[in-house]
Each structure stands twice: as C-alpha cells, then as structure tokens.
Amino acid sequence: MEKLEMLYEGKAKKVYQTEDPNLYIVEYKDDATAFNGEKKGSIAGKGVINNKMTNIVFQYLEKNGIQTHFVKELSDRQTLVKKVEIVPLEVIVRNIAAGSFSKKFGVEEGTGLQNPILEFSYKNDSLGDPMINNMQITALGLATEKELDIISQMALKINELLKTFFWERNIILVDFKIEFGRCGAQIILADEISPDTCRLWDKDTKEKLDKDRFRRDLGKVEQAYEEVWNRITK
Ligand code: ADP
Ligand code: UDP
C-alpha cells in the first residue's frame, strides 16, 4: 500500500490517504512539542520507537478484546490504519498523581490514588485542550451518552491491560492519554500509545522514562525512549 495525498500534518505524525478509501497511512516524526506547542524540539529516533511500540501495544490490546485501528506495520515509521472519525476528546486515565492533576489538587507527584481516574479534555488546540465533563460533551454533541459509556468502559479496561503489560516490564503506568474513533457503527481505539502519551516510571528507581524528560529538560530523553523500547521487546 502506497501513501497518496497528505491529509494532515500534526505535531507528531502525518496522515496520508491511500488508494483504499477506508485506510490511512500514519507516519511518525521525531518532532516533539509540549505545553500546547510552545516548546518545540526533536527527539532522535522517537518516531520509529513510537510507531513500533504503538503497534506492539495495539496488537496486545486486540488479543485481549480491544478493537483498534491497527492494520499493518509498513516500515519503521509508517503504519496502515483504519480510517476513523476521531471523537474530539483526549481520554486520560490516571493511576498515580502527576502532571496537571498534581498541580491542580496540590498533591505531590507519585501519590497513590484510591481508584483510577478517568478524565476528558476537549481536543482543540486553539482552546488549549480544556477539561470537559460528560454533560458538557453530550450538550455540545461531541459524543453521545452511549458512545461515552463505551469509551469509558474501554478506557478503564485498557488501563488494566496496560498496567499489567508495563508492570511485567518493570515499568509503572502512572497515567496516559488515548483517542477513540468512529468506524462504521463501532468505536475503536485510534492514534498512539507511546512514551509521548504515557507517563512511565521505572518500578524500582521511579526514574521517568517518558516525555516528561523533554517537557522538564531532565536530559537523557532519547535514552529513556530506548529503555522503554528495550524492555518491551526483550
Ligand atoms: P496532533 O493532531 O495532536 O498534533 P498528531 O501529530 O499525532 O497529533 O497527529 C495525528 C492526528 O491523526 C491526530 O489528530 C489524531 O487524532 C489523528 N488520527 C489518529 N489515528 C487516526 C485514524 N485512524 N483515522 C483518522 N485520524 C486519526
Ligand atoms: N497527554 C498527552 N497529550 C496531551 C495531554 C496529555 O499525551 O495533549 C498525556 C500525558 O503524557 C500524560 C497524561 O496525558 O501521560 C496526563 O497528562 P496531564 O493532564 O497531567 O497533562 P500534562 O501534565 O502533560 O500537561
């Protein structure tokens, strides 16, 4: 399958049309941004790791009953996926306090939570991806109540599966962001799951192995992505 016209260039990926109207090719870049695009940079090799890691994780989820957009890995940076209509929500699941949650509620990063938390942000760069609740989502027609039920159930199941997946690789899954899309009558998992979109900490040292190293200028950014990749493929 060949890529045809580029439909969209995002911050981390490009999306291309193919000769099949139901399939897209996504191409992962090394570009990195943070704080709604204010901080820009590049992480060498990131695109390859994020592409291949997403594909391994999506195939693991598929095996465990989660439908995803994954079709076929075409090359180091390119994957064939099912075309979906993205539900314009960033679906965030948290197991441990960190990032904006820690800041908002004044709880130290690393504090355990009594239960996993599900949060939604409205995917809208010009508004800075504001947090949004279920009634606001349905009132604005971003998703129906039924779709939100499905998305919520899938997100919490994905969390349980991913917690196990990473724990077996000596990694704590602190939090993550996922996106869903409409594909025919179904809601399926789309976009990516990578160190760009997850907080991943070493189980023993609690060392950060994710994009926070870039966001916070902690150094050893490339090494962190490689470390996650090595643990996933070992
Ligand atoms: P952003 O748009 O936040 O800058 P990316 O650079 O990752 O993010 O761009 C990829 C875009 O492709 C995102 O907007 C994402 O929602 C969208 N996308 C991901 N998977 C699919 C899919 N299967 N079909 C259609 N769009 C998708
Ligand atoms: N996240 C993401 N894209 C975003 C915002 C958040 O992938 O646009 C991920 C982020 O990497 C983290 C989780 O979602 O794993 C929760 O992020 P948080 O709300 O704490 O925001 P941040 O601190 O990243 O601004």
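Refer to the structure printed above.
None of the values given here were measured: they were computed from a predicted structure.

**Thoughts on the environment of L4**
1) Next: One can find L4 in the segment before β1 (6-9).
2) Next: Classification of L4 as partly exposed rests on a relative accessible area of 47%.
3) Next: Taking the C-alpha atoms as reference, L4 lies 40 Å from I117; in sequence the two are 113 residues apart.
4) Next: Dropping the residues within four chain positions of it, L4 is found in contact with Y16, Q17, T18 and E19.

**Remarks on the site of ligand 1**
1) Next: Lining the immediate environment of ligand 1, one finds 16 residues, of which Y8, K11, A12, K13 and E179 sit closest.
2) Next: Within the contact set of ligand 1, an oxygen atom lies 2.6 Å away from a side-chain nitrogen or oxygen of Y8.
3) Next: Between ligand 1 and the protein, one listed contact pairs a nitrogen atom with a backbone N or O atom of V84 at 3.2 Å.
4) Next: Protein chains shield 89% of the accessible area of ligand 1, which is 550 Å² for the free molecule.
5) Next: Residues of the shell around ligand 1, tallied by class, amount to 8 nonpolar, 2 polar and 6 charged.

The rules behind these values
For every chain, the first residue of the written sequence is number 1, and numbering continues from 1 along that sequence. Each chain gets a letter, beginning with A, and each ligand a number, beginning with 1, in the order they are written. Residue-level local features of this predicted model are given only where pLDDT is at least 70; pairs of side-chain atoms are given and counted only at 80 or more, and the full residue set underlies all totals for whole chains, interfaces and linings. The side-chain numbers reported here are obtained from all heavy atoms of the structure, hydrogens and water having been left aside. Helix and strand definitions follow DSSP, with helices as H or I runs of at least four residues and strands as E runs of at least two, each counted in order from the N terminus. Whether a residue is buried, partly exposed or exposed follows from its accessible area with a 1.4 Å probe, protein chains only, as a fraction of its type maximum: under 20%, in between, or over 50%, in that order. Note on contacts: a residue pair is in contact if any heavy atoms of the two residues lie within 4.5 Å. Residues are labelled near a given molecule or strand when at least one of their non-hydrogen atoms is within 4 Å of it. In protein, a polar contact means a hydrogen-donor-capable atom and an acceptor-capable atom, both N or O and within 3.5 Å, with residues adjacent in sequence counting only if both atoms are side-chain atoms; elsewhere, any N or O pair within 3.5 Å suffices. Per-residue accessibility takes into account occlusion by the displayed protein chains alone, with areas from the Shrake-Rupley method and a 1.4 Å probe. Gly counts as polar in this scheme, as do all residues outside two lists: the nonpolar Ala, Val, Leu, Ile, Met, Phe, Trp, Tyr, Cys and Pro, and the charged Asp, Glu, Lys and Arg.

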